[in-house]
Structures are given as C-alpha cells and as structure tokens.
Amino acid sequence: MTINNTIELMAPAGDFESLQAALDNGCDSVYFGVEQLNMRARSTVNFTIDDLKEIANRCEAKNVRSYLTLNTIIYDHDLSVVKTLLTKAKDANITAVIASDQAVIAMARSIGMEVHISTQLNVTNIETIKFYSLFADTMVLSRELSLRQVKNITDQIEKEQIKGPNGNLVEIEIFGHGALCMAVSGKCYLSLHSHNSSANRGACKQNCRKKYTVIDQETGFEIELDNEYMMSPKDLCTLDFLDQVIDSGIKVLKIEGRGRAPEYVATVTKTYREAIDAYYDGTFSKEKTVEWMKALETVYNRGFWSGYYLGQELGEWSDIPGSAATQKKVYVGKGTHYFPKAEVGQFKIEAYDIKIGDKILVTGPSTGAQEMIIDQMFVNDAVGEKATKGDDCSFKLPFRIRMSDKLYKIVEA
C-alpha cells in the first residue's frame with residue numbers, strides 16, 4: 001500500500017548489508033528471498049527462515065514494508081516448505097508475499113497474508129487484473145509493456161473500481177531500474193538446457209551474458225556478432241523519464257538487484273529517492289537528472305536503456321561482459337574497534353593502502369553500505385597521512401562500525 005499518496009520505492013535485499021543499505025537510503029519497502037524458493041536462490045547469500053523476525057523488526061523500525069519473494073516454480077515436494085515459510089513469515093509480521101504459483105497464492109490467502117502477483121505471471125491486460133484481484137492487492141506488470149499500456153490499465157482500475165482483498169483499489173507495480181533478461185518477463189530455459197540448472201528455480205547460469213559466434217554449418221564460416229553480447233540487454237533505467245513513469249498511474253517502483261552489492265543498493269535507492277521526492281515537490285528537472293545519472297553510473301551496470309516503456313520494439317544489447325560502472329571498490333581491511341565517545345573507527349589494513357582524501361566504503365550486516373572521504377587519520381596511534389598493509393588505522397566516522405566490517409577504497413574504474 002502506498003504511503004502519503006506518493007509512489008512506493010521498493011529496494012532489493014540479498015543479505016543484511018543490502019537490507020540495511022536500503023533502509024538507510026530512503027526506501028518505502030524491501031523485497032528479499034529465503035533459502036532456495038526464490039528467483040535468486042544461487043546468486044546471493046540468501047536469508048534463512050530464522051532471519052525473518054530480524055528483517056521484520058528492522059523494517060518496522062523504519063516504517064518500511066517487507067515483502068517475501070516466493071516466485072519460483074513449485075513442485076509437490078516443495079509444498080511443505082512453502083507452508084512452513086509462509087507461516088513463519090506471517091508470524092514474524094512480514095508484510096506480504098510476492099508469488100507466481102497458485103499454490104503459494106492459495107496458501108498465503110488461507111492464512112490471511114497479503115499477496116502480490118509476481119512479474120513471472122506476465123500480467124498484460126485488465127481482464128487478468130480482474131481475475132487476480134480476487135487474490136492479490138498489488139500486481140507487477142509484464143516488463144514488455146509500454147507506459148501507454150500501463151496507463152491504460154491503471155485508468156481502467158480506477159474507472160471500474162477494481163479492488164483487491166484488502167478493499168482498496170489494486171495497485172500496479174513496475175520495474176524501474178536494474179538488470180533485464182532476454183526472456184519474456186524472466187522465463188528462460190537456456191540455463192536448464194545447457195547446465196540442467198533452472199533459472200525458473202532461482203539457479204540461472206547467466207548464459208545470455210556471454211559472447212557468441214554464429215557458425216554456418218555448411219561452410220564453417222564464422223561470424224562474430226558485431227562485438228555485442230546480443231542476448232544480454234543493457235540495464236533498465238527510468239530515472240530520466242521518471243515523471244512520465246509516475247504519471248502512468250503506477251503505485252510501486254521496483255529496483256532490481258538482489259544479487260548486487262550493498263553499495264549498489266545504497267546508491268540506486270538514494271538516487272531514486274531524491275528523484276521521486278523532487279517530482280512531488282516540483283523540482284524534478286533535466287539538470288538534476290544529469291547529476292542523478294552520473295551517480296547511477298558509479299555502481300554496477302551494463303549500460304542503460306529505457307526498456308519498452310517508451311515504445312521501443314527491440315532491446316539494446318550490452319557490448320561488454322560485465323559492469324560499465326565508472327567506479328569500483330578495492331578491499332583495504334576490516335574493522336577492529338569503535339570508540340563511541342570519540343566517534344572513531346579503527347581498522348586493520350590488510351591489502352591496499354589508504355590516505356587522506358580517499359573516498360572509502362564501509363560495509364557490514366548492521367552497518368549497511370556507508371561512504372565518506374577521509375579528512376584526517378591516525379596510523380598506529382600517531383597522526384598520519386597514509387596507512388599501508390599491516391597498519392592499524394583510525395579516523396572519525398559519522399556512523400558506528402562493528403567488528404569485521406569491511407573497508408574498501410573507491411577508485412575510478
């Protein structure tokens with residue numbers, strides 16, 4: 001349910017570091033998976049059932065909604081696990097479940113848990129909305145729709161007063177930023193065929209992110225595909241036309257990235273938070289968009305395009321195997337102590353050196369992802385300008401660190 005009549009910004013959480021990064025940077029809701037029954041089952045350090053209460057508590061403290069993602073293909077042998085997971089989520093006060101299988105939907109409804117329809121169900125028209133409104137309060141539309149088609153659906157929900165089980169108008173959610181898949185709404189079988197590892201069970205091997213050569217089997221003639229990774233779309237980015245996205249009538253904007261690092265979650269969430277707030281206070285502008293885009297480019301991305309929202313018929317393909325981020329992090333060391341009265345953190349330098357003026361990143365399960373620039377430092381208990389491998393280094397921090405928090409230096413990529 002949206003808050004204060006503005007759209008809801010949903011951020012990804014693949015682990016506690018990313019969860020805290022999302023909470024610290026202005027999300028309205030988070031979505032996460034637990035163990036094997038989610039579409040990122042093998043790509044992240046997933047949460048466990050025992051983590052549910054901690055997730056709910058952290059979210060409730062920030063007035064943030066929590067969504068359990070349970071949207072894989074479900075087999076008979078999974079049903080008891082699904083039932084246990086939903087019951088534990090309900091008991092922990094998790095807000096809702098994102099589901100695609102009718103068994104999951106039915107189980108959630110039977111215990112009174114709010115249901116959101118996943119993009120895997122490929123919702124593309126108003127009649128489908130009407131059908132699932134019997135079970136769900138929020139629906140994620142297919143990624144292949146244009147904003148004009150999205151607007152038509154939201155207008156009809158309003159006109160026909162289509163309501164979900166909670167008695168409110170059905171809310172529409174769309175993907176706003178992050179990785180896109182070559183398959184229709186994520187349903188892909190390449191990984192299953194090549195590695196017997198099903199993407200639809202959360203075990204994608206990322207075949208589409210590789211470079212391929214086409215071979216004429218009659219002559220053996222080989223063609224390299226114009227230096228493009230032509231099954232690997234660029235990342236979706238809606239920030240530069242966010243005003244049009246909000247005007248389409250959607251209620252939830254989702255950031256993709258449960259498999260990405262906490263600094264990605266922090267930067268993207270913060271940037272979209274600023275942009276959404278600017279839209280509502282009337283200060284959204286092209287000049288601000290330029291700066292926001294520069295911020296988004298600093299973290300993992302495969303280049304950006306607008307998806308199908310503006311009517312484009314074909315995808316834009318990446319021309320690189322990995323990230324096009326303008327910055328990268330290099331590991332420096334780990335946290336050893338924090339002095340709360342002095343607000344000073346101490347680190348053991350284990351790899352690269354750091355010096356005054358460096359931009360650093362500190363990550364940890366409770367710390368999230370915090371960035372700052374060092375303006376003064378102590379090295380081995382004496383004032384210093386540079387710390388190298390083996391040194392104990394300390395400096396003032398505007399946040400608390402914990403034992404074994406990781407310290408990185410941010411450098412140009």
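For the structure itself, consult the block above.
Below, the structure is looked at part by part.

About the thresholds
- Counting of residues starts from 1 at the beginning of each chain's written sequence and follows it residue by residue.
- Reporting of local features is limited, given that this is a predicted model, to residues whose pLDDT is at least 70; pairs of side-chain atoms are given and counted only at 80 or more, and all residues count toward the totals for whole chains, interfaces and linings.
- Calculation of side-chain values draws on the structure's entire complement of heavy atoms; hydrogens and water are dropped beforehand.
- Any Phe, Tyr or Trp ring, taking Trp's six-membered ring, that has another such ring centre within 6.5 Å forms a pair; planes under 30 degrees apart are called stacked, those over 60 apart edge-to-face, and the others tilted.
- Under the scheme used here, helices are H or I runs from DSSP no shorter than 4 residues and strands are E runs no shorter than 2 residues, and both carry numbers assigned from the N terminus.
- Here's how the labels work: a residue is buried when its accessible area is under 20% of the maximum for its type, exposed when over 50%, partly exposed in between, all with a 1.4 Å probe on protein chains only.
- When the NZ atom of lysine or the CZ atom of arginine is within 6 Å of a ring's centre and also within 35 degrees of its normal, the charge is said to sit over that ring.
- Salt bridges are identified by distance alone: a Lys or Arg side-chain nitrogen within 4 Å of an Asp or Glu carboxyl oxygen.
- For a helix, the expected span equals 1.5 Å multiplied by the residue count minus one.
- Picture the helix axis, draw a direction to every C-beta atom, and the arc is the one those directions span.
- Every residue pair with non-hydrogen atoms within 4.5 Å of one another is taken to be in contact.

1. Side note on the packing of aromatic side chains
Tallying each qualifying case throughout the model produces nine aromatic pairs. When the ring of phenylalanine 16 is compared with that of phenylalanine 47, the centres are 4.9 Å apart and the planes differ by 80°; the resulting orientation is edge-to-face. With phenylalanine 16 in helix α1 (residues 16-24) and phenylalanine 47 in the loop between β2 (29-33) and α2 (52-61), this pair connects stretches of sequence that are 31 residues apart. Pair check on accessibility: phenylalanine 16 and phenylalanine 47 agree, each one buried. Three or more aromatic residues joined by ring pairs form one cluster here, namely Phe16, Phe32 and Phe47. When the ring centre of phenylalanine 175 is taken as origin, the NZ or CZ atom of arginine 143, which lies over that ring, is 4.2 Å away.

2. Details of the pattern of salt bridges
Within this structure, the stated rule accounts for 20 salt bridges. Notably, a salt bridge pairs arginine 273 with aspartate 28, separated by 3.1 Å at the nearest N-O pair. A residue pair is termed long-range when its members are at least 10 positions apart, and arginine 273 in helix α9 (residues 262-281) and aspartate 28 in the loop between α1 and β2 qualify at 245 residues. Overall, arginine 273 belongs to the buried group, its relative accessible area being 13%. The partner of arginine 58 in a salt bridge is glutamate 54, and the shortest N-O contact between them spans 2.8 Å. Within this pair, arginine 58 and its partner glutamate 54 are both found in helix α2, separated by four residues, close to a single helical turn. One continuous salt-bridge network, built from bridges that share partners, spans Asp28, Arg273 and Asp277.

3. With respect to helix α6 (residues 147-160)
In this model, α6 (14 residues) spans 20 Å end to end at C-alpha, consistent with the 20 Å of a helix rising 1.5 Å per residue. Regarding α6, the residues found buried are Leu147, Val150, Ile153, Thr154 and Ile157. In a view along the axis of α6, the buried residues occupy a sector of 120°, so they form one face of it. When the buried face of α6 is taken as reference, the exposed residues oriented beyond 90 degrees from it are Arg148 and Lys159. Here the buried face of α6 lies against α5 (126-132), β7 (171-178) and α8 (242-247). Taken from the residues just after α6, glutamine 161 is the one with a positive phi, measuring 50°.

4. Here's the deal with unusual backbone geometry
Look at asparagine 380: it is not a glycine, yet its phi comes out positive at around 50°. Relative to the helices and strands, asparagine 380 is located in the loop between β20 (377-379) and β21 (382-384). Under the relative-accessibility criterion, asparagine 380 is labelled partly exposed at 42%. With a phi angle near 75°, serine 404 is a residue other than glycine that sits in the positive phi range. The topology assignment puts serine 404 in the loop between β23 (392-396) and β24 (406-412). A residue is classified by how much of its surface remains accessible, and serine 404, at 47% relative accessible area, is partly exposed.

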